[in-house]
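Overview (structure and organization)
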Amino acid sequence: MPLLTDIQLPAVQLAAVSKSYPSSAGPVPVLREVSLGFPQRALTAVMGPSGSGKTTLLNCAAGLDKPDTGKVLLGETDLAACGERELTVVRRSRIGFVFQQFNLLPMLTVYENVALPLRLQRGRVRRERVMEALRQVGLEDKAGRRPAQLSGGQQQRVAIARTLVAEPEIVFADEPTGSLDRKSGRQIMELLRDTVDRAGRTVAMVTHDPAAAACADRVVFLSDGQVVGRLDHPTAEAVARQLSLWER
Amino acid sequence: MWRISVQSVRHYWALFAGTFVALALGVALIGVSASALAATWAVDATPDGSTPSVTLKDGTGAARTLSSGDLDMGGVQSVLAMAGVVSAFVTVFVIAGTCAFGIALRRRDMGLLRLVGAGGGQVRRMVLGESLAVAVPAAVAGCAVAAVTAPLAVEALNGTGLSPVDLRPGPLLWPLVFAAGSGLVIAVLGMLAASKRAARVRPTEALREADLDSRTMTAGRAVTGVLALLGGAVMVALAPGSGTEAATPLALFGTMALAVAATLLGPLYLPPLLRVMALPLRWADPVAGRLAAESVRTSRRRTASLVGPVLAILAIVGVFTTVLSTTGAATSADDRARTTAQLVVEPAGDGGSLDREAVDRLREDPRVAAVSAPAPLEIAVAGPHSAWKEQAALADPVALSRTHRITVVDGSLKPLEPGTVAISREFAEWYGHRAGSTVTYGLFGGEPVRAKVAAVLDGGSAVPSVVLPPDTRGATPAPAPERAAVLLDERDAASAGAAAARLTERLGADRVRVLPTETWFGRSATDQDRLNNLVLAVLTVPASLYALIAVASTLVMSYSRRGREITGMRMIGVSAGQVRRMALWETLATTTLGTLIAAAVVAWGVRAYQGSLSVFGGGAPLSVPWGMLGTLVAACVLVGVVVSLAATGRLLRRVSTASTATRQ
């Protein structure tokens, strides 16, 4: 496990990000001046109770949502200031996604889903490269299947293989173990851990599963749209203790 | 992206099956219409040079030769062209609807593509690629169908007698190329609008649980809808003031534009309408009815797609048939109102003509006050830039004005001297003639004549375009009256039956048939109705069948994405019967809606058209072919109910096998 320090350069840095959603009773603040870095070559977990702004934070960090104020820096690029066209290019080559569900295009085979980022970049698709990624997630024998023929955990692994092929600067994962049984969930976390340790990737993950969070290098706790604490090199027990503390 | 397009067509075959079938049939219909039209063009309009002809000089001094043997293919050609327009209209409507619907059902895929970095342009290319992947095979299939059916269609057309000569199936190549080309254009145009929507899907939509129908009303849709509404309203509003010739296209195209507007603006007015419709449903069937009402109301896009084809076909068929039959009804009402003659004398055999002697003997009868026996013929008339054929008759306008109610619009009513003609009001208005102006005409086999207009007469169909003096000679074959209208003197007017018997006796029952006017109108109306019905059938039957298939395929599309919904319902304890009833109510609700909107649109257009018709001494009657339209509505309902029940049944079976599978 790499030594984590704040001197380590962040892959994505949020600076004083605020975001509110309109409602009939006026704007409801979801994020309040959040400043947070996702360090390179590390797995960062974001935890917090429902409605704490976890998903909004992730969406803002990934450029899927625009913050009202503040900056979101991916390397030198301020995602908050990018237009749709630039964001498309960023998503295509610099950011990867793994979600709870709806990860894959149902009409494409597993192979085609993994190759998709390369096709979108109009690069040549090298079969060995795609198969290597599938081998890393243990699904090289499923290359010809359709997503509907796979289990939830397998679909998740295909999504991870897709991020391995595209080699993004950071992978965002929203509840990656959310709809899986414990065994598949553990498998997914091991894979994400592997991409950090072996491939040197950066992963930012939202979860409410302490077991999943325990695999992270750092856990950031969010409550009412604010960072209320952090835990480096957590254990599941420490995370659970911390959570019960915040929820009291 | 082409690869993804093909894969996605293969995966979502049920979504594309609708587009495929609709397009293939559309291409087939257009191909058949075009090849039949080509067959009419292939007919040699001037069969040989032996028939009498006349050469006239038009206003520019150019010599124009017309021949009496020329076949008039204009009638059958315009029927075929109209059939093509109806087919194309319905095809565009259905294709645009199925494309938009297909995209709406796949928003999450579009979102996911955007999420992994597909640009708007790439998504657009993928969607257009899909439309080509469907359209090319569909066009080929449509051409194959057209190639097989075109000869049969031409055969059937010959059977109707709409064409003056039997048509032979012509060359197929160019009509099919035209049909396939228009099919591809229609598909790409239909998808173009849909692809714009697809490219605008935001990446976060991939993460949404439900396919929400947010923002069904877009700015482009609103603008096009309002433009169509304005255009349609203006055309329809202009119709009553314009002459009959201009009113027909105004009413037809105006109504078509209104139907387009009704579809585009649907998201604005459908929700309140649906709320009203939901009330009886909830009352009639508390569970299934309520479910149906809610699902019709929330899935606005699905509802719009299901209402679309029903609305389109009923609107276009409704307006075409009603306009045609109202025209017929107005003409015959005008004829009846204008005829003062109590008796009609016809030759005894069918299709002959009365000889001069018989007409003279009628005139000699003391009980007869007046006899008009116009001898119809075709003449050539020269205008400023062209020469054309016109219906004319040798007749005495004075006698005509006694047996029929005729108004003298201009000039004076007196026996026509040689070198003068009387013309109808329609002819005068259309070509800008008045009393005293000169008409250049020619009898076939004769020389051009310059004649002075003595009178302009308004007499409906009793007055042909040009009335020539009765003693005009030189036409070959010599024109002879097909019938005579007889006005009895006052004493005998009351006993027309007895007078008819006496006249028959006087002229000989083997030579003539004398009928009271009413009886004669009754007989001739049935002939005219038969012909009108044939025209209606050629116009509407193929397009209606097509629309019914479109209704079915749209339903198949919509049910292909409802598996989860129905599984969910079964899980929370909705019975299979209730699910079926829900499907039934939904279909009835959408079909009713489509019918109502179409009825409103047609009523608007047809009312205006009715206002443009003039009938002597009153307003034009409105004649609606209820039987035909009712059949069409019933067919829509039947197809909808059968397909939705079959589709629900299939989903329900799948649910039961899935639940047994999980139990094991």
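Residues numbered from 1 in each chain as written. Chains lettered and ligands numbered in written order. Predicted model: local features only at pLDDT ≥ 70, side-chain atom pairs only at ≥ 80, totals over all residues. Heavy atoms only, no water.

Per an unreviewed UniProt entry, chain A is named ABC transporter ATP-binding protein, and its organism is Streptomyces albidoflavus.

So, the overall build of chain B
Within chain B, the secondary structure is distributed over 20 helices and 13 strands. Expressed along its principal axes, the backbone C-alpha trace of chain B runs to roughly 100 × 55 × 40 Å. Counting only residues that meet the buried cut, chain B has 51% of its 664 residues in that class. Long-range pairs, those at least 24 residues apart, make up 83% of the contacts in chain B with a sequence separation of at least 6. Accessible surface, chain B: about 28800 Å² in total, of which carbon and sulfur atoms supply 63%. If you average the places of the 59 positive and of the 46 negative side-chain charges in chain B, the two averages end up 19 Å apart. (Helix = DSSP H or I, 4+ residues; strand = E, 2+ residues; numbered from the N terminus. Buried < 20%, exposed > 50% of the residue type's maximum accessible area, 1.4 Å probe, protein only. Contact = heavy atoms within 4.5 Å. Areas by Shrake-Rupley, 256 points an atom, 1.4 Å probe, with all protein chains shown as cover. Lys, Arg positive; Asp, Glu negative; His and termini not counted. Charge placed at Lys NZ, Arg CZ, Asp CG, Glu CD.)

Structural notes on the interface of chain B and chain A
With 27 residues of chain B at the contact, the number on the chain A side is 23 residues. By the criterion of area lost to chain A, the three top residues of chain B are B:L112, B:L115 and B:V116, representing 23% of everything that side buries. Of the charged contacts, one joins B:R114 and A:E84 as a salt bridge, the two residues approaching to 3.0 Å between their closest N and O atoms. The set of elements that each furnish at least two residues to the side of chain B that touches chain A consists of α1 (2-11), α4 (107-115) and α5 (120-160) of chain B. (Buried area = accessible area lost by both parts, 1.4 Å probe. Salt bridge = Lys/Arg side-chain N within 4 Å of Asp/Glu carboxyl O.)

A word on the packing of α5(B) against helix α6 (residues 173-200) of chain B
Residue and element names in this part refer to chain B. Running from N to C, α5 and α6 cross one another at 155°; their axes reach a closest spacing of 8 Å. Compared by their axis directions, α5 and α6 come out roughly antiparallel. As for the relative orientation of α5 and α6, their crossing is right-handed in sense. Taken together, the residues of the contact of α5 with α6 break down into 19 nonpolar, 3 polar and 3 charged. (Axes fitted to C-alpha atoms, helices over the stretch in contact; angles between N-to-C directions. Parallel < 35°, antiparallel > 145°, perpendicular 65-115°, else oblique. Left-handed = near helix turned anticlockwise from the far one by under 90°. Nonpolar A, V, L, I, M, F, W, Y, C, P; charged D, E, K, R; others polar.)

Overview of the packing of aromatic side chains
This model, assessed by the stated rule, comprises 5 aromatic pairs over all chains. For the pair B:W388 and B:Y431, a centre-to-centre distance of 4.5 Å together with 20° between the ring planes defines the contact as stacked. Here B:Y431 lies in helix α14 (residues 425-431) and B:W388 lies in strand β6 (residues 387-394), a separation of 43 residues in the sequence. Judged by relative accessible area, B:W388 falls into the buried class, the value being 17%. Aromatic pair B:F427 and B:Y431: ring centres 5.0 Å apart, planes at 55°, arrangement tilted. Taken as a pair, B:F427 and B:Y431 lie in helix α14 at a separation of 4 residues, close to a single helical turn. According to the relative accessible area criterion, B:Y431 is partly exposed, its value standing at 34%. Put simply, the rings of A:F38, A:F97 and A:F172 touch in pairs and so form one group of aromatic residues. (Phe/Tyr/Trp six-rings, centres within 6.5 Å; stacked < 30°, edge-to-face > 60°.)

Examining the sheet that holds strand β13 (residues 512-516) of chain B
Residues and elements named next belong to chain B. Across the sheet, which stays open at both edges, the 4 strands sit in the order β4-β12-β3-β13 with antiparallel pairing between neighbours. Two strands in the sheet have a free side with no partner beyond their single neighbour: β4 (368-372) and β13. Sheet twist, expressed as the average angle between the axes of neighbouring strands with direction ignored, equals 25°. Two strands pair when backbone bridges link them, and strand β3 (residues 343-347) and β13 are joined in this way by 5 bridges, in the antiparallel orientation. Opposite P347, over in β13, you have V512 as the bridge partner. Across the sheet, helix α16 (residues 496-507) touches β3, β4, β12 (484-488) and β13, and the angle it forms with β13 is around 175°. (Pairing = 2+ DSSP bridges.)

A closer look at the side chain of B:Q122
Position of B:Q122 among the secondary structure elements: in helix α5. A relative accessible area of 4% places B:Q122 in the buried class. Dropping the residues within four chain positions of it, B:Q122 is found in contact with A:R92, A:L120, A:R122, B:M1 and B:G117.

Some points on the domain arrangement of chain A
All names here are of chain A. Partitioning chain A into structural domains gives domain 1 (10-94 + 170-247) and domain 2 (103-167). With 13 residues of domain 1 at the interface, the matching set in domain 2 holds 13 residues. Taken together, both faces of the contact between domain 1 and domain 2 bury some 1100 Å²; the carbon and sulfur share is 65%. The largest per-residue losses of area from domain 1 upon contact with domain 2 belong to R92, L191 and R201, which jointly make up 45% of the total buried on that side. (Domains from an automatic or database assignment.)

Notes on the sheet that holds strand β1 (residues 10-21) of chain A
All names here are of chain A. Strand order in the open sheet made by the 4 strands is β2-β1-β4-β5, with antiparallel pairing throughout. Pairing within the sheet leaves two strands with one partner each, and these edge strands are β2 (28-39) and β5 (77-78). Direction of pairing for strand β4 (residues 69-74) relative to β5: antiparallel, over a ladder of 2 bridges. Note on β5: the bridge partner recorded for L73 is D78.

Some points on the nonpolar core
Formed by 164 residues in total, the largest nonpolar core has its most connected members in A:V12, A:F38, A:I170, A:F172, B:V90, B:I313 and B:I316. Looking at which element gives the most residues to this core, the answer is helix α11 (residues 300-338) of chain B, with 14 residues. Split by domain, this core shows at least three residues from each of two domains, domain 1 (10-94 + 170-247) and domain 2 (103-167) of chain A. Those residues within four positions of B:V90 in sequence are excluded, and the remaining contacts are B:I313, B:I316, B:Y546 and B:A547. Residues A:A45, A:V114, A:V196 and A:A216 belong to the second largest nonpolar core, which totals 43 residues. (Core = buried A, V, L, I, M, F, W, Y, C linked by side-chain atoms within 4.5 Å.)

Details of the environment of B:V408
Residue and element names in this part refer to chain B. Take V408: it is sitting in strand β7 (residues 407-411). A relative accessible area of 32% means that V408 is categorised as partly exposed. C-alpha separation for the pair V408 and P542, spaced 134 residues apart in sequence, amounts to 45 Å. When neighbours within four sequence positions are excluded, V408 is seen to be in contact with L413, V456 and L457.

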